[in-house]
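Residue strings, one per chain:
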Amino acid sequence: MTHWFHRNPLKATAPVSFNYYGVASGPAASKICSDLRSSRARLLELFTDLSCNPEMMKNAADSYFSLLQGFINSLDESTQESKLRYIQNFKWTDTLQGQVPSVTEDEAKEVHRSLKIAAGIFKHLKESHIPKLITPAEKGRDLEARLIDAYIIQCQAEAQEVTIARAIELKHAPGLIAALAYETANFYQKADHTLSSLEPAYSAKWRKYLLLKMCFYTAYAYCYHGQTLLASDKCGEAIRSLQEAEKLYAKAEALCKEYGETKGPGPTVKPSGHLFFRKLGNLVKNTLEKCQRENGFIYFQKVPTEAPQLELKANYGLVEPVPFEFPPTSAHWTPETLAAFDLTKRPKEDSTKPKPEEVVKPVKEPDIKPQKDTGCSIS
């Protein structure tokens, strides 16, 4: 959701013409190249098209990748690679080195599913395609294991945020909400740890976001755990749990400010300005006051000096990446089409002349203005 989830800049890519003069020696090969060119252009257009929906994106991606499959895999479905596997180099920018606050139930489901699909795509690339690269990914680059893992975990964490918002809206048991919040905080902590060995100049802003979300959802966990303890007549422990929630919420607020002041890739979102963020502060304050009031009149229990250990396990709502597979190879790819590509006619490169470094223009992302803050309501 815009202005709630931190996003690194969209990756930009150098133009690819798919013009293989001499190599593409027949009409079938020429059509494949033409279709690849147009389907790639369409897919890239949709990245910045505000009217694009998940179905449009999936259809465009399937159209492009089904054609690209003929450049990657053998047509006989063997484990062999296509003879065209290395005919084309692609160049992309690096994300590091180089949302609407109120949503409907249908939109929430769309956000939730899209994030799970994104996690599945990153996981698929990590396991099935990145290991096949001729040149291993450089440290700190997008295809390096630490960044891919961070993207997978962040997608899972953000999808679980939607689950938590829904659970709160439906007034599910405080124990379930506390467990989901705790698991989500752990996701953010794990993602931050994954990035901890990266150069701070590139990763500091991203890590501040992950840390503030970790503190925010740990505060949520302690808040709702306190409600569970109070319902079990453990008022002294409930007070201590709420005090810990209060401390962590204050830390999350401070991290929001630090995040806003930290330079780094990606637009700066403003989570502390969201009603969903501010609501937690009021909830912690009111619940703590209630517990202290009841302890003074009813329970008279001692408040522990140590905060309760959170050992919460959610048995519902945990997010796993949706398994991803590229679409089947386009029916336009036939043995005759492949045979029409004659690699012996590729122009020879002059290795004695250094190639000029190609500059890839950044993607001009749409400027999405924050809407009136009506809260993170899912109905």
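Residues numbered from 1 in each chain as written. Predicted model: local features only at pLDDT ≥ 70, side-chain atom pairs only at ≥ 80, totals over all residues. Heavy atoms only, no water.

A. Quick look at unusual backbone geometry. Its identity as a non-glycine residue notwithstanding, K171 has a phi of 55°, on the positive side. Considering the arrangement of structural elements, one finds K171 in the loop between helix 4 (145–169) and helix 5 (174–195). Overall, the relative accessible area of 71% leaves K171 in the exposed class. Located in the positive-phi region is D233, a residue other than glycine, with phi close to 65°. Its place among the elements puts D233 in the loop between helix 6 (200–231) and helix 7 (235–261). Taking the relative accessible area as the measure of exposure, D233 reaches 43% and is therefore partly exposed. (Helix = DSSP H or I, 4+ residues; strand = E, 2+ residues; numbered from the N terminus. Buried < 20%, exposed > 50% of the residue type's maximum accessible area, 1.4 Å probe, protein only.)

B. Layout of the UniProt feature "coiled-coil region" (unreviewed entry) in the protein chain. The UniProt record marks residues 235–262 with the feature "coiled-coil region" (unreviewed entry), using the residue numbering of this structure. Its end C-alpha atoms 40 Å apart, residues 235–262 is made of 96% helix and 0% strand. (UniProt positions renumbered as here; feature names shortened; annotations may be inferred.)

C. The side chain of R240, seen in detail. Looking at the secondary structure, you find R240 in helix 7. For R240, a relative accessible area of 13% puts it in the buried group. When residues no more than four places from it in sequence are discounted, the contact partners of R240 are V303, P304, T305, E306, A307 and P308. (Contact = heavy atoms within 4.5 Å.)

D. Spatial organisation of the environment of P27. Of note, P27 is situated in helix 1 (residues 27–46). Along the sequence, P27 and K58 sit 31 residues apart, while their C-alpha atoms lie 28 Å from each other.

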